[in-house]
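# Breakdown of the fold
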Amino acid sequence: MSAQESYGQGQGQGQGQRQRQGTGRRALLGAAVLGAGGAVLGLPGVARADARHTGGGLKGLPVPTIIGHRGASGYRPEHTFGSYNLALDLGADIVEAGDLVPTRDGHLVCRHEPEIGGTTDVADHPEFADRRKTKVLDGVSTTGWFTEDFTLAELKTLRAIERIPAIRRHNTLYNGRWEIPTFEEVLKWQDEQTRKRGKQVWIYPETKHPTYFRKQGLDMEQLLSKALRKHGKDRKNSPVVIQSFEPSSIQRLNKLVDNPLVVLLSGANTRPFDFVESGDPRTVADLITPKGLKEIASYAQGIGPTLDLVIPKDAKGNLTKPSTLVADAHAAGLILHPYTMRDENTFLPANFQKGTDPTAYGDVFGAFRTYFATGIDGVFTDNADTGVLAREDFLRG
């Protein structure tokens, strides 16, 4: 039995109510799509000069929406309050706070992966030397230190470091400055920043490797929904959008909370790990067909595809012709928040790179303009300030 089938059974009387709630959530996100005018159709220069909408919820956010990827990770070590605060300072509409992984004692913390050797100074702590292990994470043998082997108190003795120092040497200046934030702290930070800045701060958490953690008795969806309910942020108008690479995690959350939900999509030939575990033979290529998108729309309100699914690259890394994904997703009532725009050459399509230094900045404004022209509803970026300026350029036509 597939993950979709197993979660589709046993809903009984509550199924109709949940479907109605899902429709309401799709309408809420859909309003953000429709408010962009011609940008939905992929017509550059047609969108309104003022993309800010009126009303509550996501309808009040600009389109294309600029999402601070792990905060402002182009300038500060990712998933730290230094990174989150800077993302807001630079104009991000939503902050991805954060990638959620659990501790041994059941707390959710914000790290890119459960393996923290590359994002913390854990290797410098001799008291944790014996915690270094090799585990199979979603089918891949991974060696390092894992959050599920630490209590929260132990993790709080660590400090964050830059994940890709060879590319972002400047960010290493801030190594050791911030600790690992908990999701509980993020929810409080969100309220504090909303009061301080005089406008609603939005966050975009992700459940990381939920199948992997469920096997260890750590239920990511229950932990997340419990935290959201505690803070009254589990409703369709709550300023929290939830995402996951595992469709079954979003299906589970669809029964637990009423927040906007987004399915993340990797390369076309990849399979979500929950599909691998359940024996579902489909790949991402199957999920982005009109049929696959219609199914996603039955339990989610959006998709977060890799940018390569929006505009494929050729063998030399140059952008080619846009796919039909934007139009197909909009036809299914889904929004699109693809990932990830970054300023450095090494992350840009070949035809937008400048020079040969992989750490130098390329023609990122040209790249943003090209992606915005497809009609995407927003984008994750490590450089929120660049994204905001690129949006201004695009909307001016």
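Coordinates for the structure precede this section.
These lines cover the structure that appears in this document, whether it is placed above or below. Every chain is numbered on its own, with residues counted from 1 as its sequence reads. Local features in a predicted model are, by the rule used here, given only for residues with pLDDT of at least 70; side-chain atom pairs are given and counted only at 80 or more, and totals for whole chains, interfaces and linings are based on all residues. As a rule here, side-chain values cover all heavy atoms of the structure and leave hydrogens and water aside.

### A few points about the pairing of strand β13 (residues 378-381)
When accessible area is computed with a 1.4 Å probe and restricted to protein chains, residues below 20% of their type maximum are described as buried, those above 50% as exposed, and intermediate ones as partly exposed. In DSSP terms, a helix is any run of H or I states spanning at least four residues, a strand is any run of E spanning at least two, and both are numbered starting from the N terminus. Residues of β13 alternate between two faces, with Gly 378 and Phe 380 on one and Val 379 and Thr 381 on the opposite face, all of them buried. Two strands make a pair as long as DSSP finds a minimum of two bridges between them. As paired elements, strand β1 (residues 65-68) and β13 share four bridges and run parallel to each other. Across the sheet, the residue bridging to Gly 68 is Thr 381, located in β13.

### Regarding the sheet that holds β1
Sheet strands line up and pair through hydrogen bonds in the backbone, either parallel or antiparallel. Here we have four strands laid out as an open sheet, ordered β7-β2-β1-β13, and parallel in their pairing. Edge positions in the sheet fall to β7 (202-203) and β13, since each of these pairs with one other strand and no more. By the bridge criterion, two bridges tie strand β2 (residues 94-95) to β7 in an arrangement that is parallel. Directly across from Ile 94, in β7, lies its bridge partner Trp 202. Residue contacts are counted whenever heavy atoms from the two residues lie within 4.5 Å of one another. Under this scheme, a helix contributes an axis fitted over its contacting stretch, all axes are lines through C-alpha atoms, and angles between N-to-C directions fall in the 0 to 180 degree range. Strands in contact with helix α15 (residues 384-396) are β1 and β13; relative to β1, the strand with the most contacts, it is inclined by about 175 degrees.

### Here we look at the side chain of Asp 382
Along the chain, Asp 382 turns up in the loop between β13 and α15. Under the rule applied, a polar contact is a pair of N or O atoms within 3.5 Å (in protein, one hydrogen donor and one hydrogen acceptor; residues adjacent in sequence only if both atoms are side-chain atoms). A polar side-chain atom of Asp 382 sits 2.8 Å from a polar atom in the side chain of Arg 168. Apart from residues no more than four positions distant in its own chain, Asp 382 is found in contact with His 69, Ala 72, Ser 73, Gly 74, Tyr 75, Arg 168, Thr 340, Met 341 and Arg 342.

### What about the layout of surface pockets?
Think of a ball as big as a water molecule: rolled over the atoms, this probe shows where empty space is left. In this analysis the probe radius is 1.4 Å and the grid spacing 1 Å, with only protein atoms considered; a cavity is a set of points the probe fits into but cannot get out of, a pocket is an open set with protein on both sides within 12 Å along at least five of seven lines, and lining residues have an atom within 4 Å of a point. Grid points are joined across faces, edges and corners, and a volume is the space filled by probe spheres set on the points. Estimated volume of the largest pocket: approximately 690 Å³. As for the largest pocket, its lining consists of 33 residues, and the residues nearest its centre are Glu 113, Glu 206, Lys 208, Phe 245 and Ser 266. The set of elements that each furnish at least two residues to the lining of the largest pocket consists of β6 (140-144), β8 (206-207), β9 (242-244), β10 (261-265) and α9 (273-278). Gly is put with the polar residues, along with every residue not named as nonpolar or charged; the nonpolar set is Ala, Val, Leu, Ile, Met, Phe, Trp, Tyr, Cys and Pro, and the charged set is Asp, Glu, Lys and Arg. When grouped by side-chain class, the residues that make up the lining of the largest pocket number twelve nonpolar, ten polar and eleven charged.

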